[in-house]
Amino acid sequence: MKQAIAATGSLLLLGMTTAQAAEYDWKFQASETAGEPSFKIKQKWADKIETMTDGKVHIEVMPINSIVGPTETLQAVSSGILQGHMTDPSYFSGQNPAFGMMGNLVGAWSDPYDFLEYMKHGGGEELYNELAEPYGTHLISAATFPLESIPSTVPIKKVSDFKGLKIRAPQGMVYNVFERVGASPVNLPGSEVYTALEKGVIDAADSTVLSNNDAQGIHEFAHYPMYPGFHSMPMIAVSINKDIWDGLPEDLQTTLETAFDDMAYDLIAQLKEQDLETLQKLKKDPDVHPIDLSPEERKKFRQAAQKEWKEWSVKNDMTQKYYDSVTGFLKSRDLL
């Protein structure tokens, strides 16, 4: 009798385990380190999706370099090494310049909500999928951060101060725009920014938001952070293997789109709050001196960036299509 009860208990336990197993078990690689606030927000949203789908979908969000390097996630998702990624498309500029242009139209956006309006209601997401789907990936949702900071070991008070400055910049348009204003950009992944600043390999970095940088301890030696940012607001492409996407039932596709759209707005709100808290903390530190560029200097940078947009627009049909679409949107909102 005891053996029968034990056997029944084992079967029940096995049944519970089977019932609890996710029908879809995916690995998504992000472009941040595990300790950054934005990475933790992404992880929480993955947990919410598991709840929203009654355990059918389990997404493990992994930090940068967990499976492949940051420039390799597009191919890894396409080939099934990863099932998805949450990353800046600028990393894939070497495969198609349209990734660099769509990933970070440098100097275009002064408000992240304008960017989201374009992507979600102005045709941006459809254009990105036209670009990305031939590479075997499907964009579920576009997200972004609040305007990025520039942690710097030297003061940058005007655009001319970029002349000769060794600044970390990912490959793509942002790299070229910094060259255009006289800087000497260095292509490094975000995971190497801390060490490069600490050792003096670079003077400054185009690298994520103020609170993320502070969480990494960067302001211990980069005493002149520029905030609020004015230059860079990269897209976060929340993407999945296209074959996996095409095989999902419509209700799960809708749930994923809704959840990741909500995550996009949550990222902005939460990170902005954390950035403001970080700014107040830094202002109390006698060694740290946050710098806010004047409107006149911001305009100079944007004018340089617009020249670069024009040059990139003629690289291929997709860059031209994106240029026409996004500049049309900006003009319609009196943002250009």
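Scroll up to find the structure.
Residues numbered from 1 in each chain as written. Predicted model: local features only at pLDDT ≥ 70, side-chain atom pairs only at ≥ 80, totals over all residues. Heavy atoms only, no water.

Trainee: Would you mind showing me how to read the packing of aromatic side chains here?
Mentor: Aromatic ring pairs are reported here in terms of the distance separating the ring centres and the angle at which the planes meet. On inspection of all chains with the given rule, the structure shows 15 aromatic pairs. With 5.6 Å between their ring centres and 80 degrees between their planes, W109 and F115 make a pair best called edge-to-face. With respect to burial, W109 and F115 carry one shared label: buried. Pairwise contacts between aromatic rings join W109, F115, Y118, Y322 and F329 into one cluster. (Phe/Tyr/Trp six-rings, centres within 6.5 Å; stacked < 30°, edge-to-face > 60°. Buried < 20%, exposed > 50% of the residue type's maximum accessible area, 1.4 Å probe, protein only.)

Trainee: Is there a simple way to explain the side chain of H219 in this structure?
Mentor: Following the sequence through the fold, H219 ends up in the loop between α9 (210-215) and β8 (235-241). For H219, a relative accessible area of 5% translates into the label buried. Reaching out from H219, the side chain makes a polar contact with the side chain of D214 at a distance of 3.0 Å. Setting aside residues no more than four positions away along its own chain, H219 makes contact with L210, N213, D214, P225, L282 and V288. (Helix = DSSP H or I, 4+ residues; strand = E, 2+ residues; numbered from the N terminus. Polar contact = N/O pair within 3.5 Å; in protein donor to acceptor, adjacent residues only side chain to side chain. Contact = heavy atoms within 4.5 Å.)

Trainee: Looking at this model, I keep getting lost on unusual backbone geometry. Mind explaining?
Mentor: Here the residue pair Y227 and P228 is connected by a cis peptide bond, since its omega of -5 degrees sits within 30 degrees of zero. Within the secondary structure, P228 is located in the loop between α9 and β8. Within the chain, N65 stands out as a residue other than glycine whose phi angle is a positive 70 degrees. Even without glycine at this site, D334 takes up a positive phi of about 55 degrees. Of note, D334 is situated in the segment after α13 (317-332). Among the residues examined, D334 registers a relative accessible area of 72% and is labelled exposed.

Trainee: Sorry, what's going on with the environment of I236 here?
Mentor: Along the chain, I236 falls in strand β8. The sequence separation of I236 and T87 amounts to 149 residues, and the corresponding C-alpha distance is 4.9 Å. If we ignore the near neighbours within four places in the chain, the residues touching I236 are K42, M86, T87, S141, A142, A143, T144, F145 and L267.

Trainee: Got a minute to help me understand the environment of G35 in this structure?
Mentor: Mapped onto the fold, G35 is located in the loop between β1 (24-30) and α2 (37-52). With a relative accessible area of 44%, G35 lands in the partly exposed category. Here the alpha-carbon distance between G35 and S184, two residues 149 residues apart in the chain, equals 29 Å.

Trainee: Hey, could you run me through the packing of helix α7 (residues 173-180) against helix α12 (residues 295-313) in this one?
Mentor: When two helices pack together, their arrangement is given by the angle between the helix axes and the distance between those axes. At their nearest, the axes of α7 and α12 sit 9 Å apart, and the two run at 125 degrees to each other. The angle between the axes of α7 and α12 places the two elements in the oblique class. Crossing of α7 against α12: the hand is right-handed. Between α7 and α12, the residues in contact are M173, N176, V177, F178 and R180 and F301, A304, A305, K307, E308, W309, E311 and W312, respectively. (Axes fitted to C-alpha atoms, helices over the stretch in contact; angles between N-to-C directions. Parallel < 35°, antiparallel > 145°, perpendicular 65-115°, else oblique. Left-handed = near helix turned anticlockwise from the far one by under 90°.)

Trainee: Could you clarify how one ought to interpret the sheet that holds strand β4 (residues 137-144) in this entry?
Mentor: Either a parallel or an antiparallel arrangement is found when strands of a sheet pair, and the pairing is made through backbone hydrogen bonds. Taken in spatial order, the five strands make up an open sheet running β2-β1-β3-β8-β4, and their pairing is mixed. Each edge of the sheet is formed by a strand with only one pairing partner; in this case those strands are β2 (57-62) and β4. Averaged over all pairs of adjacent strands, the angle between strand axes in this sheet comes to 20 degrees, irrespective of strand direction. Bridge count between β1 and strand β3 (residues 84-87): three bridges; the pairing is parallel. When the sheet's bridge partners are listed, Q29 is paired in β3 with H85. Packing against the sheet, helix α5 (residues 112-121) makes contact with β4 and β8, and its axis sits at approximately 155 degrees to β4. Its contacts with the sheet put helix α11 (residues 250-283) on β1, β2, β3, β4 and β8, and the angle it makes with β4 is roughly 25 degrees. (Pairing = 2+ DSSP bridges.)

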